[in-house]
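An overview of the molecular structure
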Amino acid sequence: MYPETEHTTATLARPIDEADLNPLKYVDISREERAQDLAQALRMLEMARIVYCIHHSSANALPLRVGQKQNDFKPLFLDVGLMMRALGLQITDLLNGQLLLANRGAVAEQFVGQQLLWQDVGDQEPELYYWNREKRGAAAEVDFLIPMGREIVPVEVKAGTTGSLKSLQVFAAEKSSPLGLRFNQDLPSVTWAESKVVPGKAHPFKLVSLPMYLVSEARRLIQGDAFTLPAAPVSSA
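Residues numbered from 1 in each chain as written. Predicted model: local features only at pLDDT ≥ 70, side-chain atom pairs only at ≥ 80, totals over all residues. Heavy atoms only, no water.

1. Concerning helix 7 (residues 166-175)
Every buried residue of helix 7 is accounted for by Ser 167, Leu 168, Val 170, Phe 171, Ala 172 and Ala 173. Against the buried residues of helix 7 lie strand 3 (129-133), strand 4 (140-148), strand 5 (151-157), strand 6 (179-184), strand 7 (189-195) and strand 8 (203-211). Two residues or fewer past helix 7, Ser 176 is found with a positive phi of approximately 55°. (Buried < 20%, exposed > 50% of the residue type's maximum accessible area, 1.4 Å probe, protein only. Helix = DSSP H or I, 4+ residues; strand = E, 2+ residues; numbered from the N terminus. Contact = heavy atoms within 4.5 Å.)

2. A closer look at the sheet that holds strand 3
Sheet strands associate in pairs through backbone hydrogen bonding, adopting either a parallel or an antiparallel arrangement. In space, the 8 strands of this open sheet follow the order 2-1-3-4-5-6-8-7, with mixed pairing throughout. What marks the edges here is a single partner per strand, and that holds for strand 2 (68-77) and strand 7. Each strand axis lies, on average, 35° off the axis of its neighbour in the sheet, ignoring direction. In terms of strand pairing, strand 3 meets strand 4 through 4 bridges, oriented antiparallel. Its bridge partner being in strand 4, Asn 132 is matched across the sheet by Glu 141. Helix 3 (residues 35-47) rests against strand 1 (51-57) and strand 2 of the sheet, and its axis sits at about 110° to strand 1. Along the sheet, helix 6 (residues 104-117) makes contact with strand 1, strand 2, strand 4, strand 5 and strand 6, crossing strand 2 at roughly 110°. (Pairing = 2+ DSSP bridges. Axes fitted to C-alpha atoms, helices over the stretch in contact; angles between N-to-C directions.)

3. Comments concerning the environment of Gln 70
Within the secondary structure, Gln 70 sits in strand 2. It is 9.7 Å that separates the C-alpha atoms of Gln 70 and Cys 53, two residues lying 17 residues apart in sequence. A distance of 2.8 Å separates the side chain of Gln 70 from the side chain of Gln 68, its partner in a polar contact. (Polar contact = N/O pair within 3.5 Å; in protein donor to acceptor, adjacent residues only side chain to side chain.)

4. Thoughts on the layout of surface pockets
Reported here for the largest pocket is a volume of approximately 530 Å³. Mapped by element, the contributors of at least two residues to the lining of the largest pocket are helix 3, strand 1 and strand 2. Element by element, the count of residues in the lining of the largest pocket is highest for helix 3, at 5 residues. A per-class count over the lining of the largest pocket returns 14 nonpolar, 4 polar and 5 charged. The space that makes up the second largest pocket amounts to roughly 420 Å³. Along its surface, the second largest pocket is lined by 19 residues, and Gln 119, Asp 120, Glu 127, Pro 147 and Arg 219 are the ones closest to its centre. (1 Å grid on protein atoms, 1.4 Å probe; cavity = no way out; pocket = protein on both sides within 12 Å on 5 of 7 lines; lining within 4 Å. Points joined across faces, edges and corners; volume = space filled by probe spheres on them. Nonpolar A, V, L, I, M, F, W, Y, C, P; charged D, E, K, R; others polar.)

5. What about the nonpolar core?
Judged by nonpolar contacts, the single largest core of 28 residues is most densely connected at Leu 181 and Phe 183. Elements with a contribution of two residues or more to this core: strand 1, helix 6, strand 4, strand 5, strand 6, strand 8 and helix 8 (218-223). At 4 residues, the largest contribution of residues to this core is made by helix 6. Setting aside its immediate chain neighbours within four residues, Phe 183 contacts Val 112, Val 155, Glu 156, Val 157, Lys 158, Leu 210, Pro 211, Met 212, Leu 214, Val 215 and Ala 218. Ranked by size, the runner-up nonpolar core spans 14 residues in total, among them Leu 24, Val 51, Phe 77 and Leu 89. (Core = buried A, V, L, I, M, F, W, Y, C linked by side-chain atoms within 4.5 Å.)

6. Comments concerning the pairing of strand 3
Of all 5 residues in strand 3, 4 are buried, a share of seventy percent or more. Sheet topology note: the strand 1/strand 3 ladder contains 2 bridges and is parallel. The residue of strand 3 that forms the bridge with His 56 is Tyr 130. Count of turn residues in the strand 3/strand 4 antiparallel hairpin: 6 residues, of which Gly 137 carries a positive phi of about 80°.

7. Here we look at unusual backbone geometry
For the bond from Leu 62 to Pro 63, the omega torsion is -5°, close enough to zero to count as cis. Tracing the backbone shows Pro 63 in the loop between strand 1 and strand 2. A positive phi angle is found at Ala 59, which is not glycine, with a value near 60°. A positive phi angle, close to 55°, is found at Ser 176, a residue other than glycine. Among the secondary structure elements, Ser 176 is positioned in the loop between helix 7 and strand 6.

8. Thoughts on the side chain of Arg 182
For Arg 182, the position within the fold is in strand 6. For Arg 182, which is buried and forms no salt bridge, the nearest opposite charge comes from Asp 186, at a distance of 6.5 Å. Not counting residues within four places of it along the chain, the set of residues in contact with Arg 182 comprises Glu 156, Lys 158, Gly 163, Leu 165, Leu 207, Val 208, Ser 209 and Leu 210. (Lys, Arg positive; Asp, Glu negative; His and termini not counted. Salt bridge = Lys/Arg side-chain N within 4 Å of Asp/Glu carboxyl O.)

Below, the structure written as structure tokens:
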């Protein structure tokens, strides 16, 4: 193994060792190695199917790769076990609930991400994207984006039963999204939500919430009759 690849593998979990998966900067891996060498090492890990780089997409149109930013990405291990090993965690940490104290957001996002990445790919190369807005005082990040028919669906992952959806609301308002998807540990539900985070632009959208164990069934459930709602309420804006 090339030294840069070995070093990258050993330190790749650093941006993950927080509440959520985070965009990766090469300086997070090493301040000593050249960015070009680290990029090559990361590419080798991708080719070996050890990690997958989820790139930012502007999400202005389908396919999502059209709006891809090559240098804006966050790493996804291709397996929860690989990620936990990189973090120095044991399966007993997961079973006895210690992950509720730390790392739970990253592990939850890792699980949902790997399920979405490899879902219904057939003979195609899998693709998965996320969205962020780096704006001082108004930054926002949506965990994942998935195409569904002609729509781009923003996906948020919450490790518990509650959690703010501000970034999803920002995306829904800016992109006029009719649907948002949340994975958490609560019971399945569907409701009309209204984004008011963009001044003067209240935007109603359907919010579907699913427990994480149903991630593989999300498309079928959403496109079926299980989550139909009456017409959207009139905006209060």
